[in-house]
Amino acid sequence: MQQFNPYEMAVQQFERAADKLGLSEDMREILRKPKRELVVNFPLRLDSGRIKTLTGYRVQHNVNRGPAKGGIRYGPDVTLDEVKALAMWMTWKCAVVGIPYGGAKGGVICDPRNMTAGELERMTRRFTTEISIIIGPHSDIPAPDINTNSQVMAWMMDTYSMHEGFSVPAVVTGKPLSIGGSEGRNDATATGVLFVTRRAARRIGMPLRGARVSIQGFGNAGSVAARLFHSEGCKIVAFSDTSGGLYNEEGLDPALVQRHKLEHGTVATYPHGQSISSTDVLEVPCDILIPAATEGQITEHNAEKIQARILAEAANGPTTPEADAILFNKGCLVIPDILANAGGVTVSYFEWVQDLQSLFWDDADITHRLEVIMNKAFDAVANKAEEYHCDLRLGANMLAISRVAEATLVRGIYP
Ligand code: NAD
């Protein structure tokens, strides 16, 4: 089987939308490639005293609409092509929700599960220093992603601030509240997923109360989605993480599953259900499927077996273009990543605005502003898809790419 390449997939999605928009070859030439790709190799002193050289990336795809914005992920499988794809999706995501950012992403190839807290901190601080030549509160603002969290963001903010000689809270988002983080940031991605799923469910006449939900991935995005959909009256019938999954048609209590994960390090051994694999979770009987793990999970090999009526992409890039076509023909409504999970970057934007003005908003204010933005973006995408008789992904990409193209045109080509 051909190796899955996220960047090729991102470019394929781009070309499809560019074709439909009739975008000129000149504009495609500009938007197809990332603006900057920084690769850093740097030494890490392990607790054993040995030195290990690690490789990290920071890619800025496009900054015509504002500073670059995007998460940092840690993991053994991180690749430059993955980071490039994620940076491009960030450009479209910021444009689709209309926030004034371009797209970026970063990552370090490492095995965080086998690193001590001290090693993680030293790695984060050195990586931040290495990429400090392109990040900054007005140029490129990182955030958490897979295997990074508010503590990692605190180390990044502190390291950058040490070099400047004063505190620069706006250099990263997803920080703890005590150093300029925002109310609502932790739940933001999943809250956004809930808002757009509610909108989508209303459109197809499906009540959320009682709807069966299956979730792949039980990290920041997946575990919070489980809690929020559960409190909305949905039945969480399946979930998974890298170790495996669980299915229970009667429904599971996400709070108890979360407690089990904290005690045992995985959700897969939670005793109240039938053990399934981490990919079976995509195929169980359900009404709403929420991939919240990683890219390339839904392909031409399993798309036909998906039973959900709504697929809400909390993860970035979980569905391949071949799977998209199958799902569209089956009548499964796919809410694409650049729309579905945009709540995270939207509240990151709120955090950055609050840091820059040193004036903070309360939780209700954040949630209200987020809901207005997500609903408006969903309606704009759904209308575009209706107008062009296409799926929501194509609608979202068309909307986003036309906004970025317009910004590029009006600014002109320098020099
Ligand atoms: P996380 O590290 O908190 O959690 C990832 C979860 O996915 C873990 O439970 C892990 O065990 C599981 N996982 C990883 N690979 C898997 C696989 N192959 N099968 C099953 N489970 C697997 O990461 P996160 O921040 O929740 O991010 C998850 C996804 O959501 C990513 O695609 C990320 O880019 C996207 N996302 C996150 C945010 C955010 O604010 N955190 C915002 C937008 C998009």
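Counting restarts for each chain: residues are numbered from 1 in the order of the written sequence. Per-residue local features of the predicted model are confined to residues with pLDDT of at least 70, and side-chain atom pairs are confined, for both listing and counting, to 80 or more; whole-chain, interface and lining totals are unaffected and use all residues. Only hydrogens and water are set aside when side-chain values are computed; all heavy atoms of the structure are taken into account.

The name an unreviewed UniProt entry assigns to the protein is Glutamate dehydrogenase, from the organism Dictyobacter aurantiacus. Within the UniProt record for the protein, the comment given under Sequence similarities (unreviewed entry) is "Belongs to the Glu/Leu/Phe/Val dehydrogenases family." UniProt positions are given in the numbering used here, feature names are shortened, and annotations may be inferred rather than shown by experiment.

1. Quick word on the sheet that holds strand β8 (residues 244–252)
Spatial ordering of the open sheet is given by β9-β8-β7-β6-β10-β11-β12, a layout of 7 strands whose pairing is mixed. Bordering the open sheet on either side are β9 (274–276) and β12 (333–335), each of which pairs with just one other strand. Recorded for the sheet is a direction-independent mean angle of 15° between the axes of neighbouring strands. Relative to β8, strand β7 (residues 235–241) runs antiparallel, the two being bridged by 5 bridges. Here, a strand pair is defined by DSSP locating no fewer than two bridges between the strands. Helix and strand assignments follow DSSP, with helices taken as H or I runs no shorter than four residues and strands as E runs no shorter than two, numbered in order from the N terminus. For helices, the axis comes from a line fit to the C-alpha atoms of the stretch in contact; other axes are also lines fit to C-alpha atoms, and the angle between any two N-to-C directions lies between 0 and 180 degrees.

2. With respect to the pairing of strand β5 (residues 140–144)
For β5, a buried count of 4 out of 5 residues is recorded, marking the element as mostly surrounded by other parts of the structure. Where strand β3 (residues 68–75) and β5 come together, 5 bridges link them in parallel fashion. The residue bridging K69 from the neighbouring strand is I141, located in β5. A 1.4 Å probe rolled over the protein chains alone gives each residue an accessible area, and that area as a share of the maximum for its type sets the label: buried under 20%, exposed over 50%, partly exposed in between.

3. Focus on the nonpolar core
One recurring pattern in soluble globular proteins is that nonpolar side chains are buried together. We call a set of buried Ala, Val, Leu, Ile, Met, Phe, Trp, Tyr and Cys residues a nonpolar core when their side-chain atoms join them within 4.5 Å. Core analysis: the largest hydrophobic core is formed by 87 residues, its most contacted members being L31, W92, F229, F239, I288, I290 and I335. Residues count as neighbours in contact if any of their non-hydrogen atoms are within 4.5 Å of one another. Apart from the residues lying within four places of it in its own chain, the contact partners of F239 are I215, F218, G245, L246, L252, V257, V267, Y270 and V281. Membership of the second largest hydrophobic core comes to 25 residues, among which are F42, I131, M153 and Y160.

4. Concerning the sheet that holds β3
Taken together, 5 strands build an open sheet; the order of strands is β1-β2-β4-β3-β5 and the sheet is mixed. The open sheet is flanked by β1 (36–45) and β5, the only strands paired with a single partner. Strand-to-strand twist across the sheet, computed as the mean angle between neighbouring axes with direction ignored, equals 25°.

5. Quick look at helix α8 (residues 254–264)
Taken residue by residue, α8 has P254, V257 and H260 as its buried positions. Looking down the long axis of α8, one finds its buried residues gathered within 115° of arc, a one-sided arrangement. Of the residues in α8, the exposed ones pointing more than 90 degrees away from the buried face are A255, R259, L262 and E263. Where α8 is buried, its residues touch α7 (220–231), β7 and β8. Two to three positions downstream of the cap, the backbone nitrogen of A255 sits 2.9 Å from a side-chain oxygen, assigning the N-cap of α8 to D253. In the segment just after α8, G265 is the residue with positive phi, at about 80°. The arc in question is the one traced by the directions running from the helix axis out to the C-beta atoms. A 3.5 Å cut-off defines polar contacts: any pair of N or O atoms within that distance qualifies, except that in protein one atom must be a possible hydrogen donor and the other a possible acceptor, and neighbouring residues in sequence count only when both atoms are side-chain atoms.

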